[in-house]
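What follows is the residue order along each chain.
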There are 2 protein chains.
Amino acid sequence: MTGEGAQVIFTPSGRRGRFPAGTTVLDAARSLGVDLDSVCGGRGLCGRCQVVPAEGSFPKHGIESSGGHLSVRGADEAEYDRLRGLAAERRLGCRAEVHGDVLVDVPPESQVHRQVVRKGLPVRDFVIDPAVRLYEVEVERPTLEQPGGDLARLLAALAAEWGLGSADQPLEADLDVIRALQPALEAGGYRVTVAVHDGRFVTAVWPGLHDRALGVAIDVGSTTIAGHLANLADGSVLASDGVMNPQIRFGEDLTSRVSYAMLHDGGAEQMTLAVREAIASLLRGLANRADVPLEDVLELSIVGNPIMHHLLLGIDPIPLGSAPFALATDAAIRTTAAELDLPAGPGARVYVLPCIAGHVGADAAGAILAETPYLADEVTLLVDVGTNAEIVLGDRRRLLAASSPTGPAFEGAQISCGQRAAPGAIERVRVDRETLEPRFRVIGSSRWSDEVGFAASTRGTGVTGVCGSGIVEVIAELFLAGVITADGTIDGRLAARTPRVIADGRTFSYVVHDPAGLDAARGSAGGSSGPRLVLTQNDVRAIQLAKAALYAGARLLMDHLGVDVVDRVQLAGAFGSQIDPLHALILGLVPDAPLERVTGVGNAAGTGALIALLSVEARREVERVVRTVEKIETAVEPRFQQHFVEAMAFPHKTAPYPNLASVVQLPPRLPGDTAWTAGADRGARSSSRPPNRRIPSMLVQGEDSTR
Amino acid sequence: MTGEGAQVIFTPSGRRGRFPAGTTVLDAARSLGVDLDSVCGGRGLCGRCQVVPAEGSFPKHGIESSGGHLSVRGADEAEYDRLRGLAAERRLGCRAEVHGDVLVDVPPESQVHRQVVRKGLPVRDFVIDPAVRLYEVEVERPTLEQPGGDLARLLAALAAEWGLGSADQPLEADLDVIRALQPALEAGGYRVTVAVHDGRFVTAVWPGLHDRALGVAIDVGSTTIAGHLANLADGSVLASDGVMNPQIRFGEDLTSRVSYAMLHDGGAEQMTLAVREAIASLLRGLANRADVPLEDVLELSIVGNPIMHHLLLGIDPIPLGSAPFALATDAAIRTTAAELDLPAGPGARVYVLPCIAGHVGADAAGAILAETPYLADEVTLLVDVGTNAEIVLGDRRRLLAASSPTGPAFEGAQISCGQRAAPGAIERVRVDRETLEPRFRVIGSSRWSDEVGFAASTRGTGVTGVCGSGIVEVIAELFLAGVITADGTIDGRLAARTPRVIADGRTFSYVVHDPAGLDAARGSAGGSSGPRLVLTQNDVRAIQLAKAALYAGARLLMDHLGVDVVDRVQLAGAFGSQIDPLHALILGLVPDAPLERVTGVGNAAGTGALIALLSVEARREVERVVRTVEKIETAVEPRFQQHFVEAMAFPHKTAPYPNLASVVQLPPRLPGDTAWTAGADRGARSSSRPPNRRIPSMLVQGEDSTR
C-alpha cells in the first residue's frame, strides 16, 4: 500500500483509484464509474453487487492483492449467505471495505450492462439493458415544518442516492405511482423500491425492497400468439407459452380477416377485442406458470405482421388490404398496457417494434433484430413464410425487404390432404427411389411409420393429414424419385410400377397413406387409423405457385441488390423452422446456397421481441435499421411475374443450383433448360443420368430428430 | 422601390427585409420571424393572417407605402369576405403579394402571441400562448413505390410546412391519432388539421381545415365546481357555468369528507367518482351552452384545494387529514382527460396546477397566478376564505403561505340563522345607530327590506337565513351601533331600548327578522315570509373564532415577513367576493389597510386556472413561483395561539387600525387596550366617544348593488 489510501483495481474494466481505508467496494466502484449493480442502494439486501477479490501478485498493476485487504465478512454478509447463499470467494461490494491494495473482479452477473449468452432460447449475444430498472431508496419523512409532497421527497432521494433526473429533465411519475406512493411509504417505513422507465418515468412503487421486474415478449401471429416471460434484470426466461389467435374465427388467413373488417360494421373492433383477450389470457398463463404476480410485469414488447399489428392497436386494417397498402404508421410505438387493455403492472409500458412496409411488419423487424443481417459481410436471405412471405435480403451495406403472396399452401391449406401443424400431422416423408413406397413421421411421435411401435405411438392422434413441411418433403422426395417431373407433373407412366400412382380424371395422384386399403396389411403403419391421404396434381400446383412466389420475391431483391447468389439463407417462422433445408432447396423455395448455410432460425420474430424487451439499445438499433431498409413492392415490378413463371419448375427452370447439386443428385432439367451448375457444363451432368436412378441416402443429414 | 426587390416593413415588430416581387406577405413575415398567425398554412381559408397595409410616406423608414403596392384582392379574398367578412382595409397575408415597398401592420388578433386584455372576466393582462396549436397540412398520398406510413408522411409534412419536430425530438402521436389518421386523410383529400400539444405531441386530427381548439378551466371547490369554456386561439370565453359538488352528500366540509374516506371502505373512490361525474356534466353543459362539440375540447386546466385535488386525481386524501398533512405531490400534474374519465377530445390533456402545502392547494396557486403578488413592490395579503383560509403574503422579494382553520362559520354553517349563499339569504345588513332597527337585502332581490316592493320582489324565495357576508355585516353593524361590545358580547342592557335585544338564558340575542312577530306589521319587510332569524351570542362567538383564526394566520405571516402593515388586501373566493371590505375590516378579519386597497378579487383561483389554460408561460411561471413560496404551518407556531387570542376582539385587542379609524368612527376599545391608531394617542380618541354614538353613513361606500 503506497501513496494516499489503498489502491483498488477493478476487472474487467481496468478502472482504478485510491480510496481512504474503510471505503466500501461499491462506493469505490461508483466513484470510478465501474459497472457494478445494486438495487438496494448498498444496504446488503439485494446481493446484486457481489464481487470476487483476487489473491496474489499483479506486477503489471504493481499491487499485491488479497481478500484479506478487505474487511472481514460481517453479520450482513453472513445473513445474506444464510438466506440466499454467497459463495466463499465472494463478497458483497456494499459491505466489503477496502483496507489495503486489492484487485476486485466484477463477475458478469453483477454488471448492469452485461453481455449475455442466452441458453435454451436461440438468442444471439446482446447486452441486457432493459428500459426499466429498480431502485430502492430511503425517503425522508414529512414533518410539520417541512411537509412538502411525498413525490418531491421521493424524487429528491432518487436524485441524491442514484443520480436520477436532472434540473433540465426531472423524473416524472405516473398518476398511479402518485396514488400508490403514500401507502407504500407507510408500509415500507419510508423505504420503497421504484421502477424507473427510460431513466425518466417512475412507473411503479413497492414498499421496502422489491427485487423483481418482469417483462413479456409477444409475437402476435395470425394463427398463434407466443409469449416469453423474462426477468428484466438478467434476461432469464421464466416461462414460455402460446395460445391460438382467436381471430381465426373471423377468417383463417390475413386476407379473409381484412375482408371481415370490410364486410362487417365493427368487425375490426371485434378482432381487436379478440386478440387483446387472447394476449391477456396468455399473460395470465405465463404469470401462473412462473408463479409470479402479473403486477410485476412492467414491460411488454410486441411484434406482429402489419395486420395483426394494426388490429392489436385498434387501427383499421382495411387500408392494408388494397394498394398502395399504406400503414397507419411504420414507426415503433411506445404506449401502455392500460391503453391496450392488457393486464400487467399498473404502470407497465408497451413497446411495439416498427413495421417496415404494408406487408412487411414488426415481425420482420424482429427477425432482422434477431438475425442481424445488417451486421454481416455475407449476403443473407432471411425469409419468414406465412400467408405472405416476408423477405429480407442484404448485408451490412444494404438491406432490402419485400413480401410475396405465397398464399396458405405452405400452412397446409388449399392442399387436399393438408392440415395445420398439430399432433397427427405428417411432417417428415421419405420415398424409396426403387419401390416408390413412402415412409413418414407424424407430429407427436418420434418413430417412422416403418418402425416397430409406430401405430402404438400414434394411437392417441392417428395420422390425420400432412402439414406444410410434410407436403414440401413428399413433393421433393417424389421429384427425386422421378414420380414428379421437373415441371411438376405426376408421371402417370409410373402407375405401372406402383399402385400408389393412380389416375384421377386426366391427371394422376400419389397415395401417401391408405390405412384401410394399400396400407391396411403392410408394415407397422398399417395399424394406424385415420383418413386416406392422397397428393393430387392440384396439390403439387398449389405448392408450385407458393414456392414460385417465394423464390420470385427473393430473386427480385437479388436483382435490386445486384447479386446472383446469396451466402446464407435463414428460414424463420413456424413453417420455416419445420421444413428441412435440403428439401426446401430441392423444391427451389429459395435460391441455391451452401447447404450448411441454409438454416431454420426458429421464431426469429419472437426472438427479436425478446431482445427488444431486454435492451433499449436494441430498440434504437432496430428503429435505425428499419429506416434504412429499402422497400420493394413486388406488385409493381414487371420482373416479378417473369421470375415467378421461371420459378414454377423444380427447383427452377434456369437458375443454377450448384451447391444443391453437389450434395444431391437431381433429376435432369427439362429439355432446353440450363444445367444445375450453370455455365460451361450446361446440361452435361444431368442428362447423363436416367430419371429414375436411385439417389443415395445422404438425405439422412436432412433428418431432424429433435422435434 | 430601390435596391433588390421590394422592401417590406412590419409593425409593430419593426422587422424588415427585401423580397422579390410576388412574394406573399405571409411568406415575407415567416422569413423575417414576424409573429403572423396562420392555421391553414397559407391557403386563404383560415383568415388568421389578416394584415393592414399602411398608406403614406414613412421617411423614418425611407419608404412610400401603399396598399397599391400589393397585388389586388383576388378571388380567394373575395370569397373569404363573402363567407366570414374581411374589412376593406384588410388583406389576407397569404394572398397579398408584394409588388412595391410597403409597411404592413399585424393587428393584435393576427399575432400568435398576442397580449390580451380580457373583457368581462376579471383577468389580468397576459400573453395568450396555449399548449395546443392547430396546423393544417397537405400530406403526400401513399404510392405503391413509396407506401411508407401515414404518420411518417404526416410528420414529414408538419416538418416541411411548419418546422415542427426535430431529428433530436421528433413529434410523437397519440395512438388515437394514429387510429383516426387514415380516415381523416381519406375524408379530407389528404389535407388534415392536427392539434399539436407542447410542440411535441400530435393529439388530434380532423379532415380538411379545422379552426377550433377549445379548453376548459375548472375550479373544483368543496361546494361548487365552476368552469370556463374558452377558445384557445384568442382566449375568448364562450361559456361559463357552475355545478354543485356532489361530494356534499359525503360531508359538508373538507374535514367531514376526509372522515368519510377514513370510515368507509371505498369512500374516497366514491367521492372521486362523484366529483368526476360532476365535472363531466359541467363539461357537457358548457359545450351545450356554447353550441360546440365536446370533441373540440383539447385542454383542461384544473385548480382545487388539496383535498379536492387528491380526490379528483384518485389519490387517497386521508394523509391530508392529520399531521404532518403531507401531499402525495405538490408538483403540477400533466395527464389526460381519459385518465381522469372526463369527456373531451380523445387526445385532450389535463394540466393540474401545483399545490403549495397540505392545506394550501392548487386553488391558492391559481389565485397567486391571477393576482401576481410575486410581481408587486407592495406587500400584498391574499386571502381565500373557505373552511380553511388559504393565506398568501408577500411581494416580489418573498412570498409566504399558510392556512388557517377558520371553520365553516363564514359559510353560514354553525350559525343558528346561517345558510349558504343562495336566493333568499340575507347578504347585506344595516343597523340604525339610533333605533337599532335593521334593514337588509337578500340574494335574488335588488331592494332593501325597507324599500317599497321588497316583499313582492322576494315572494319567490322568502327570507330564509343569513349567509356569510350577511353575518359579517350584521355583527359589524351591531358592533358599530354598540349592541355588541368590542369583546363580542351582545349588550343585554340594550334590551331596555329595543325589543330586538332579547334574553336567551344567561346571554342575549338580536332579532334580525321576525316576520310573524316584530316585523309582522312593520315596513315593507313585514309582508315577507320565512322563519324568525335571530343572531345569538353563540353565533357571535363562532364568527369571532373564525375571524381570529384568519387574522392570526395573516399576522403570523407578517411576523415571518418582518412587517407590521400590509399595503394591500385581496379577498378571494365566493365568501371573499361577497363580503364588504369595510365590514371585514371593522370585524378585524384582516389587518388594517387603506380601505380602497382592500378589495374582493372574485374567484381568483378560477381565473388562475383560466390563465394557465391559455398560457404555457403562465404554467411555467406558477410552477416557478410556488417553489419559492415559504410554507408556514400554523399548527406548530406558538405565536399563532397568542395572535389568535388577541384577535378575538373587534376589530382587535391591540393591533392599530389607523386606516379603518380614518373612515369610520369605531367604538372605544376595551379598558387597557391600545388605541385604534396606536402609539402616541393611545386611547385618546376612542375613549372620548360614547359607545352608542351614531356613525355617519359613509357605509354607503361599502354597499354593493352589482350582485
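Residues numbered from 1 in each chain as written. Chains lettered and ligands numbered in written order. Predicted model: local features only at pLDDT ≥ 70, side-chain atom pairs only at ≥ 80, totals over all residues. Heavy atoms only, no water.

Participant: I keep staring at the overall build of chain A and nothing clicks. Help me out?
Facilitator: Within chain A, the secondary structure is distributed over 18 helices and 31 strands. C-alpha extents for chain A along the principal axes are approximately 100 × 65 × 55 Å. Scored against the burial criterion, the 707 residues of chain A give a buried share of 60%. For chain A, the proportion of contacts with a sequence separation of at least 24, taken over those separated by at least 6, is 65%. Carbon and sulfur atoms provide 52% of the accessible area of chain A, an area that totals close to 26,600 Å². Positive and negative side-chain charges of chain A, numbering 67 and 85 respectively, have mean locations separated by a distance of 5 Å. (Helix = DSSP H or I, 4+ residues; strand = E, 2+ residues; numbered from the N terminus. Buried < 20%, exposed > 50% of the residue type's maximum accessible area, 1.4 Å probe, protein only. Contact = heavy atoms within 4.5 Å. Areas by Shrake-Rupley, 256 points an atom, 1.4 Å probe, with all protein chains shown as cover. Lys, Arg positive; Asp, Glu negative; His and termini not counted. Charge placed at Lys NZ, Arg CZ, Asp CG, Glu CD.)

Participant: I tried to follow the sheet that holds strand β26 (residues 501–504) of chain A on my own but got confused; where do I start?
Facilitator: Think of a sheet as strands paired side by side through backbone hydrogen bonds, with each pair either parallel or antiparallel. Residues and elements named next belong to chain A. In space, the 3 strands of this open sheet follow the order β26-β27-β28, with antiparallel pairing throughout. The open sheet has two free edges, formed respectively by β26 and β28 (533–535), since each of these has just one partner strand. In this sheet, neighbouring strand axes are inclined to one another by 40° on average, regardless of whether the strands run parallel or antiparallel. Where helix α11 (residues 537–561) meets the sheet, its contacts fall on β27 (507–513) and β28, and the angle it forms with β28 comes to roughly 60°. (Pairing = 2+ DSSP bridges. Axes fitted to C-alpha atoms, helices over the stretch in contact; angles between N-to-C directions.)

Participant: I keep staring at the environment of B:Pro594 and nothing clicks. Help me out?
Facilitator: Checked against the element boundaries, B:Pro594 lands in the loop between α13 (581–587) and β30 (598–600). The contacts of B:Pro594, once residues within four sequence positions are left out, are B:Asp567 and B:Asn659.

Participant: Help me understand the interface of chain A and chain B in this model?
Facilitator: In this complex, chain A contributes 35 residues to the contact, which on the side of chain B involves 35 residues. Between chain A and chain B, the buried area comes to about 3,000 Å², and carbon and sulfur atoms account for 65% of it. The interface formed by chain A and chain B holds 2 salt bridges in total. In this structure, A:Arg179 and B:Glu339 form a salt bridge, with 3.8 Å as the shortest nitrogen-oxygen distance. On inspection of chain A and its partner chain B, the count reaches 12 residue pairs in polar contact (both at pLDDT 80 or more). (Buried area = accessible area lost by both parts, 1.4 Å probe. Salt bridge = Lys/Arg side-chain N within 4 Å of Asp/Glu carboxyl O. Polar contact = N/O pair within 3.5 Å; in protein donor to acceptor, adjacent residues only side chain to side chain.)

Participant: I'm lost on the pattern of salt bridges in this one. Help?
Facilitator: Here the idea is simple: oppositely charged side chains can pair when their charged atoms come close. Residues and elements named next belong to chain A. What the rule picks out here adds up to 81 salt bridges over all chains. Note that Glu77 and Arg91 form a salt bridge whose closest N and O atoms lie 2.8 Å from each other. Taken together, the residues span a long stretch of sequence, with Glu77 in helix α2 (residues 75–84) and Arg91 in strand β6 (residues 91–92) at a distance of 14 residues. Using a relative accessible area of 8% as the deciding quantity, one classes Arg91 as buried. Among the ionic pairs, Arg430 bridges to Glu473, the shortest N-O distance being 2.8 Å. Of this pair, Arg430 sits in strand β23 (residues 425–431) while Glu473 sits in helix α10 (residues 468–480), placing them 43 residues apart in sequence. Overall, Glu473 belongs to the buried group, its relative accessible area being 0%. Connected via shared salt-bridge partners are Asp37, Arg48, Arg84, Arg133 and Asp211.

Participant: Can you help me understand the sheet that holds strand β12 (residues 191–197) of chain A in this one?
Facilitator: Residues and elements named next belong to chain A. Ordered in space as β10-β12-β13-β11, the 4 strands form an open sheet in which the pairing is mixed. In this open sheet, the two edge strands, each paired with only one partner strand, are β10 (132–138) and β11 (172–173). Judged from the 2 bridges that link them, β11 and strand β13 (residues 201–207) form a sheet pairing that is parallel. Note that in β13 the partner of Ala173 across the bridge is Val202. Lying on the sheet, helix α4 (residues 175–187) is in contact with β11, β12 and β13; it crosses β13 at an angle near 25°.

Participant: Is there a simple way to think about the side chain of B:Thr193 in this case?
Facilitator: Residues and elements named next belong to chain B. Inspection of the secondary structure assignment puts Thr193 in strand β12 (residues 191–197). The exposure class of Thr193 is buried, given its relative accessible area of 0%. For Thr193, the contacting residues outside a window of four places in its chain are Leu134, Tyr135, Glu136, Ala204, Val205, Trp206, Gly208, Leu209 and His210.

Participant: What exactly am I supposed to notice about the confidence of the model for chain A here?
Facilitator: Do not read the fine detail of predicted coordinates wherever pLDDT is low. Scored by pLDDT, chain A comes out at a mean of 87, with 91% of its residues at no less than 70. For this predicted complex, the interface confidence comes out at an ipTM of 0.79, alongside a pTM of 0.81. (pLDDT = per-residue confidence, 0-100.)

Participant: I tried to follow the pairing of strand β13 (residues 201–207) of chain B on my own but got confused; where do I start?
Facilitator: On a regular strand, each side chain points to the face opposite its neighbour's, so the side chains alternate between the two faces of the sheet. Residue and element names in this part refer to chain B. In terms of residue burial, β13 counts as a mostly covered element, since 6 of its 7 residues are buried. With 6 bridges connecting them, β12 and β13 associate as antiparallel partners. Across the sheet, Thr193 pairs through a bridge with Trp206, a residue of β13. Taking the residues that link successive antiparallel strands as the turn, the β12-β13 hairpin has 3 residues, and the phi of Asp198 there is positive, at about 60°.

Participant: Help me understand the packing of helix α8 (residues 362–371) of chain A against helix α15 (residues 616–628) of chain A in this model?
Facilitator: Describing two packed helices takes the angle between their axes plus the distance from one axis to the other. All names here are of chain A. At a minimum axis separation of 10 Å, α8 and α15 run at an interaxial angle of 115°. Taken together, the axes of α8 and α15 lie roughly perpendicular to each other. Crossing geometry of α8 relative to α15 is assigned as right-handed. Across the interface between the two elements, Ala365, Ile368 and Leu369 from α8 touch Ala618, Glu621, Val622, Val625 and Val626 from α15. (Parallel < 35°, antiparallel > 145°, perpendicular 65-115°, else oblique. Left-handed = near helix turned anticlockwise from the far one by under 90°.)

Participant: When you look at the environment of B:Ala655 in this model, what are you seeing that I'm missing?
Facilitator: Its location among the elements puts B:Ala655 in the loop between α16 (638–646) and α17 (658–663). Separated by 352 residues in the primary sequence, B:Ala655 and B:Val303 place their C-alpha atoms 35 Å from one another.

Participant: Please explain the relation of the copies chain A and chain B as it appears in this structure.
Facilitator: For these two chains of identical sequence, chain A goes onto chain B by a turn of 180° and a shift of 0.0 Å along the axis, with RMSD 0.1 Å. Such values leave the two copies arranged in the relation of a two-fold axis. Within chain A, the C-alpha atom positioned nearest to the axis of rotation is that of A:Glu339, 4.9 Å from it. In this assembly the copies share their binding face: 100% of the residues contributing to the interface of chain A also contribute to that of chain B. (Least-squares fit on C-alpha atoms with pLDDT ≥ 70 in both.)

Participant: I tried to follow helix α3 (residues 150–162) of chain A on my own but got confused; where do I start?
Facilitator: Residues separated by three or four positions in an α-helix point in the same direction, a consequence of the helix having 3.6 residues per turn. All names here are of chain A. With 13 residues, α3 should reach 18 Å at 1.5 Å per residue; the first-to-last C-alpha distance of 18 Å fits that figure. What α3 keeps buried is the set Asp150, Leu151, Arg153, Leu154, Leu155, Ala157, Leu158 and Trp162. Where the residues of α3 are buried, they touch α1 (25–32), β10, β11, α4, β12 and β13. Gly163 sits one or two residues past α3 and shows a positive phi near 65°. (Expected span 1.5 Å × (residues − 1).)

Participant: When you look at the packing of aromatic side chains in this model, what are you seeing that I'm missing?
Facilitator: Within a pair of aromatic rings, the relevant descriptors are the distance that separates the centres and the angle that separates the planes. All names here are of chain A. The final tally for this structure, using the stated rule, is 12 aromatic pairs over all chains. Between Phe440 and Phe454, the aromatic rings sit 5.8 Å apart at their centres with planes inclined by 85°, giving edge-to-face as the arrangement. Here the residue Phe440 occupies a position in strand β24 (residues 438–442), and Phe454 occupies one in helix α9 (residues 454–457), the gap between them amounting to 14 residues. Of the two residues, Phe440 and Phe454, neither departs from the other in class, the shared state being buried. Sitting over the face of the ring of Tyr351, Arg619 holds its NZ or CZ atom 4.5 Å from the ring centroid. (Phe/Tyr/Trp six-rings, centres within 6.5 Å; stacked < 30°, edge-to-face > 60°. Lys NZ or Arg CZ within 6 Å of the ring centre and 35° of its normal.)

Participant: Any chance you could explain helix α11 (residues 537–561) of chain B here in plain terms?
Facilitator: All names here are of chain B. Taking 1.5 Å as the rise per residue, α11 with 25 residues should run 36 Å; its terminal C-alpha atoms sit 36 Å apart, in good agreement. In terms of burial, α11 is largely enclosed, as 20 of its 25 residues are buried. Gly562 occupies a position one or two residues after α11 and carries a positive phi of about 80°.

Participant: Honestly, the pairing of strand β22 (residues 399–404) of chain A in this entry has me stumped. Any pointers?
Facilitator: Residue and element names in this part refer to chain A. Burial of β22 is extensive: 6 of the 6 residues sit out of reach of the surface. What you see with β22 is no split at all: Leu399, Ala401 and Ser403 on one side and Leu400, Ala402 and Ser404 on the other are buried throughout. When strand β21 (residues 389–394) meets β22, the two strands line up antiparallel, connected through 6 bridges. Following the sheet pairing, Leu393 is matched in β22 by Leu400. Between β21 and β22, which pair antiparallel and follow one another directly, the connecting turn spans 4 residues. Note: β22 against strand β31 (residues 630–631), 2 bridges, orientation parallel. Along β31, the bridge assignment pairs Leu400 with Glu630.

Participant: Is there a simple way to think about unusual backbone geometry in this case?
Facilitator: Across the chain, the bulk of peptide bonds are trans and the bulk of non-glycine residues have phi less than zero. A:Phe650 connects to A:Pro651 through a cis peptide bond whose omega is -20°. Backbone torsion omega between B:Ala323 and B:Pro324 reads 0°, so that peptide bond is classified as cis. The residue A:Leu436 is not glycine, and still its phi comes out positive at about 65°. Note on placement: A:Leu436 falls in the loop between β23 and β24.

Participant: Honestly, the packing of helix α14 (residues 604–614) of chain B against helix α15 (residues 616–628) of chain B in this entry has me stumped. Any pointers?
Facilitator: Residue and element names in this part refer to chain B. In the contact formed by α14 and α15, the axes pass within 5 Å of each other and the chain directions differ by 125°. The angle between α14 and α15 falls in the class oblique. Side by side, α14 and α15 meet where Ile611, Ala612, Leu613 and Leu614 of the first sit next to Val616, Ala618 and Arg619 of the second. Looking at the contact of α14 with α15 residue by residue, the classes come out as 6 nonpolar, no polar and 1 charged. (Nonpolar A, V, L, I, M, F, W, Y, C, P; charged D, E, K, R; others polar.)

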